Amino acid sequence: MTRPRTALAMSSRAAAAVFAPRSLAALAEVCDLAPPPALDDLTTARAKEVLADVEVLVTGWGCPPLDADALAAAPRLKAVVHAAGSVRAHVTDACWERGLAVSSAAAANALPVAEYTLAMILLHGKHVLERARDYRRDRERADWLLTPREVGNYRRTVGILSASLIGRRVIELLRPFDFEVLLHDPYVTAAQAAELGAEPVSLPALFARGDLVSVHTPLLPATRGLVGRELLASMRRGATLINTSRGAVVDQDALTDVVRTGRIRAVLDVTDPEVLPPGHPLWDCPGALITPHLAGSQGSEWQRLADTAVGEVARWAAGAGLAHPVRRERLAYLA
């Protein structure tokens with residue numbers, strides 16, 4: 001096995017978070033790793049010295065764009081292994097024109113997002129947040145035999161918007177439960193949807209039938225504002241919208257209007273803009289739960305990203321290719 005010259009290219013904060021000492025040691029076992037710090041500026045004298053003989057870049061959050069100038073300084077570069085999800089911010093056309101192999105840990109990052117989504121589906125089915133709030137206010141009235149029949153997770157309908165990596169994992173996690181699962185994805189056939197365990201439906205049907213709709217479509221020109229006022233207005237009273245994708249997939253103003261009326265609830269791990277301004281009405285809306293983009297890999301979950309990156313570099317060094325390649329022709333469908 002060869003030991004390709006490898007360097008980290010990301011912000012120093014991302015490098016410290018994702019690559020703990022044991023991960024750096026594991027990476028150094030499979031490659032000739034350039035000493036820290038990680039490259040967060042590819043125009044410096046040190047960066048050009050490192051790039052001159054680097055064959056693999058392990059990138060992460062805060063990696064500068066790998067444009068033509070950066071690649072000119074890295075004549076031996078052959079592969080980019082991204083220890084995070086989307087490569088759109090740093091893998092440029094120049095990379096594809098050079099013929100670089102590109103890998104992403106998007107599959108690893110999808111797992112905690114799907115777990116967060118499952119947790120929110122179950123919690124909101126039981127109306128946990130509202131009932132906990134009411135219990136704090138009036139403990140004497142917490143009579144479980146008075147629970148309305150719209151509360152609970154038995155035979156509820158969950159709509160999944162997009163069979164992305166995350167959407168597919170959510171469908172998989174839902175299998176042990178008594179849910180009817182709907183799927184809208186124009187690139188998935190009826191047979192493929194059935195194999196996943198979901199009923200394929202149109203976009204209007206997804207929102208009209210779902211007791212809960214979870215958004216997993218990437219933000220692309222065609223999906224910006226996809227979840228608009230008409231779809232939101234068609235949701236059942238008491239239904240919940242979960243968005244762990246990108247805030248701009250949903251019309252934020254339309255969502256705010258319908259959630260403020262109390263017709264539907266919303267779980268938003270992403271917003272448009274992110275972060276919402278201090279005076280935005282959703283902050284104080286009892287029907288909205290807003291979390292700080294925490295569904296993706298954080299804390300102990302960073303180890304999974306590092307492990308994936310180390311595994312990819314090991315495969316590359318052994319001549320086995322990449323397990324999680326990113327193809328240029330698929331970029332139009334990826335986050």
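Given the structure is predicted, the values throughout are model-derived calculations rather than measurements.

What follows is about the overall build of the chain. When helices and strands are counted, the chain shows 13 helices and twelve strands. Its C-alpha radius of gyration of 22 Å places the chain within 12% of the 20 Å reference for a compact globule of 335 residues. Its C-alpha atoms give the chain principal-axis dimensions of about 70 × 45 × 35 Å. Counting only residues that meet the buried cut, the chain has 49% of its 335 residues in that class. Intrachain contacts of the chain at a sequence separation of at least 6 include 65% that bridge at least 24 residues. Put simply, the chain shows about 16500 Å² of open surface, and 54% of that area lies on carbon and sulfur atoms. Between the averaged position of the 37 positive side-chain charges in the chain and that of its 37 negative side-chain charges there is a distance of 3 Å.

Time to look at the sheet that holds strand β5 (residues 101-104). Two modes of strand pairing occur in sheets, parallel and antiparallel, and in both the strands are linked by backbone hydrogen bonds. Here we have five strands laid out as an open sheet, ordered β2-β1-β3-β4-β5, and parallel in their pairing. The sheet terminates laterally at β2 (32-33) and β5, the two strands that pair on one side only. As judged from the two bridges shared by strand β1 (residues 5-9) and β2, these two strands associate in the parallel manner. When the bridges of β2 are listed, Arg 5 appears paired with Asp 32.

This part takes up the packing of helix α6 (residues 106-125) against helix α13 (residues 302-317). For the pair α6 and α13, the least separation of the axes is 9 Å and the interaxial angle reads 160 degrees. For the element pair α6 / α13, the angle class is roughly antiparallel. Both α6 and α13 take part in a crossing whose hand is right-handed. Seen from α6, the contacting residues are Ala 108, Asn 109, Leu 111 and Pro 112; seen from α13, they are Arg 304, Leu 305 and Thr 308. Per-class residue counts for the contact of α6 with α13 are four nonpolar, two polar and one charged.

Split by domain assignment, the chain resolves into domain 1 (5-107 + 299-330) and domain 2 (154-290). Summarising the inter-unit geometry, the C-alpha centres of domain 1 and domain 2 are found 33 Å apart.

This model, assessed by the stated rule, comprises twelve salt bridges. The closest approach of N and O atoms between Glu 199 and Arg 209, which form a salt bridge, is 3.0 Å. On the criterion of sequence distance, the pair formed by Glu 199 in strand β8 (residues 199-200) and Arg 209 in helix α10 (residues 203-209) is long-range, its members being ten residues apart. Owing to a relative accessible area of 27%, Arg 209 belongs among the partly exposed residues under this scheme. Among the charged side chains, a salt-bridge network with shared partners connects Arg 5, Asp 32 and Asp 53.

Burial analysis of strand β6 (residues 156-161) places five of its six residues in the buried class, the great majority of the element. Across six bridges, β6 lies against strand β7 (residues 179-184) in parallel orientation. Bridge pairing in β7 places Gly 159 opposite Leu 182. Handedness of the crossover is the feature at issue here: the chain leaves β6, passes through helix α8 (residues 165-174), returns alongside β7, and the resulting connection is right-handed. Relative to strand β9 (residues 212-215), β6 runs parallel, the two being bridged by four bridges. Directly across from Ile 160, in β9, lies its bridge partner Ser 214.

Using the criterion set out here, one finds one cavity of 30 Å³ or more in the structure. Across the lining of the largest cavity, the residue classes tally to four nonpolar, four polar and no charged.

Further remarks concern the packing of aromatic side chains. Enumeration over the complete set of coordinates arrives at one aromatic pair. For the pair Phe 177 and Phe 179, a centre-to-centre distance of 6.1 Å together with 50 degrees between the ring planes defines the contact as tilted. Given the relative accessible area of 13%, Phe 179 is considered buried.

About the thresholds
- Residues numbered from 1 in each chain as written.
- Predicted model: local features only at pLDDT ≥ 70, side-chain atom pairs only at ≥ 80, totals over all residues.
- Heavy atoms only, no water.
- Helix = DSSP H or I, 4+ residues; strand = E, 2+ residues; numbered from the N terminus.
- Rg over C-alpha atoms; globule rule 2.2 N^0.38 Å.
- Buried < 20%, exposed > 50% of the residue type's maximum accessible area, 1.4 Å probe, protein only.
- Contact = heavy atoms within 4.5 Å.
- Areas by Shrake-Rupley, 256 points an atom, 1.4 Å probe, with all protein chains shown as cover.
- Lys, Arg positive; Asp, Glu negative; His and termini not counted.
- Charge placed at Lys NZ, Arg CZ, Asp CG, Glu CD.
- Pairing = 2+ DSSP bridges.
- Axes fitted to C-alpha atoms, helices over the stretch in contact; angles between N-to-C directions.
- Parallel < 35°, antiparallel > 145°, perpendicular 65-115°, else oblique.
- Left-handed = near helix turned anticlockwise from the far one by under 90°.
- Nonpolar A, V, L, I, M, F, W, Y, C, P; charged D, E, K, R; others polar.
- Domains from an automatic or database assignment.
- Salt bridge = Lys/Arg side-chain N within 4 Å of Asp/Glu carboxyl O.
- Right-handed = clockwise from strand over helix to strand, strands pointing away.
- 1 Å grid on protein atoms, 1.4 Å probe; cavity = no way out; pocket = protein on both sides within 12 Å on 5 of 7 lines; lining within 4 Å.
- Points joined across faces, edges and corners; volume = space filled by probe spheres on them.
- Phe/Tyr/Trp six-rings, centres within 6.5 Å; stacked < 30°, edge-to-face > 60°.

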